[in-house]
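Structural features, examined
Spelled out from the first residue to the last, the chains are:
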Amino acid sequence: MKWSYWIALYIGTHCAARGLRSTTMVAYRATLDQFRAFVTLRLANKDPEQITAADVLVYLQYLRSDRDNGDSAVNRQIVVLKNFYRAIVAMGHLLPADNPLAHFPVIKAAPRKLPGTLSENEVRSLLSAPGTDTILGLRDRAILIVLYGAGIRASECSGLREQDVDLIHRTIQVTGKGGHQRTIPLNEQVVATLTNYRQARGIRLPTGPFFESRRKRSMSRGAIYERVRGWSQRAKIAKTVSPHCLRHTFATHLVRAGVKLVVIRDLLGHRSIASTQIYLHVTAVDLREAADRHPIQRLAPLVEQYLPTMKLPLQHPPWRPRATG
């Protein structure tokens, strides 16, 4: 009973007060329920205040050996458990000295994998894949256009309402992680595509979903993933394409176009510039072009023109000052 009470208290009070998204709270609850199930089966159904750091280490070993979890999955479990116990202490249900994760050793962070990016030709093929002779074709093309043209997340695209899309002032307002809202300017191509879809779809209530399913409901995040994946396959793109891949491609192409990093940070809705840097990378072609543009080729003359035809000594004899009489 105490597990149920504490988990409900953490999710319903602490997480809700922080303004976490419902999907985040569902994920946190699933993580805590999984740990609780392990405690019930493997740790003699201990109460949450009886858990020790050694118990958590046994659980992490179980995740790696039995569930074949990688570093990222294990680290997510640790973060959720740490936050859970920290919140329980803050709410006065556990003494700080009884927090089993208060001095838990830091697990080495797993290297973050960058999603792949698409070339300009691949983007062109993807955006032209949906037909424009049906409402659903116009809708899917508009989804692809706004994911790549505005760099928004799939969840942000799913949450777009009619009132969030201002085609007169060429902006959209999206709600990102933690409920933070931001306004993103749109270029003419994106505006034209969204306008065509809106005209074909018809007038809707301001609070209605902008991107509708066949049943006139808001498209889910999973449905948007499926549409992106399906059209990438029809476009015969060999890479794995997802909304996050298009978001990463958006940022990468802006960097190559010379857009400042702080501007890209605001467009992506990152709270820290460090998060934006994770999205940005250079390819071998970028590295080669950078090397070719280095000023050394005009600052240092070629050595060959100074080489004589005669055989060169290994080195010059050491210089000594001439004796004076």
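In what follows, the structure referred to is the one given above.
Keep in mind that what you see is a predicted model, and the values were worked out from it rather than measured.

1. Considerations on the pattern of salt bridges
Where side chains of opposite charge bring their charged atoms close, a pairing between them can arise. One pass over the full model with this rule turns up 15 salt bridges. We note a salt bridge from lysine 46 to aspartate 55, for which the minimum N-O separation is 2.8 Å. Each of Arg139, Asp140 and Arg227 takes part in one network of salt bridges that share partners.

2. Remarks on the environment of glutamate 188
Mapped onto the fold, glutamate 188 is located in helix α8 (residues 188-201). Taking C-alpha positions, glutamate 188 is 7.8 Å from arginine 170, a pair spaced 18 residues apart along the chain.

3. Considerations on the packing of helix α5 (residues 120-127) against helix α6 (residues 135-150)
Two packed helices can be described by the angle between their axes and the distance between those axes. Two elements in contact, α5 and α6, have axes separated by 9 Å at closest approach and are oriented at 150°. Judged by the inter-axis angle, α5 sits roughly antiparallel to α6. Contact residues: α5 offers Val123, Leu126 and Leu127, while α6 offers Arg141, Leu144, Ile145 and Tyr148. Partitioned by chemical class, the residues of the contact of α5 with α6 number six nonpolar, no polar and one charged.

4. Side note on the pairing of strand β3 (residues 181-185)
Burial along β3 is one-sided: Arg182 and Ile184 are buried, and none of Gln181, Thr183 and Pro185, which face the opposite way, are. As paired elements, strand β2 (residues 171-175) and β3 share five bridges and run antiparallel to each other. Following the sheet pairing, threonine 175 is matched in β3 by glutamine 181. The hairpin formed by β2 and β3 contains five residues between the paired strands, and glycine 178 there has a positive phi angle of roughly 70°.

5. Topic: the environment of arginine 247
The topology assignment puts arginine 247 in helix α10 (residues 243-256). For the pair arginine 247 and leucine 268, spaced 21 residues apart in sequence, the C-alpha to C-alpha distance is 8.2 Å. Within the structure, the side chain of arginine 247 is placed 2.6 Å from the backbone oxygen of glycine 151, a separation counted as a polar contact.

Conventions used here
- Residues numbered from 1 in each chain as written.
- Predicted model: local features only at pLDDT ≥ 70, side-chain atom pairs only at ≥ 80, totals over all residues.
- Heavy atoms only, no water.
- Salt bridge = Lys/Arg side-chain N within 4 Å of Asp/Glu carboxyl O.
- Helix = DSSP H or I, 4+ residues; strand = E, 2+ residues; numbered from the N terminus.
- Axes fitted to C-alpha atoms, helices over the stretch in contact; angles between N-to-C directions.
- Parallel < 35°, antiparallel > 145°, perpendicular 65-115°, else oblique.
- Contact = heavy atoms within 4.5 Å.
- Nonpolar A, V, L, I, M, F, W, Y, C, P; charged D, E, K, R; others polar.
- Buried < 20%, exposed > 50% of the residue type's maximum accessible area, 1.4 Å probe, protein only.
- Pairing = 2+ DSSP bridges.
- Polar contact = N/O pair within 3.5 Å; in protein donor to acceptor, adjacent residues only side chain to side chain.

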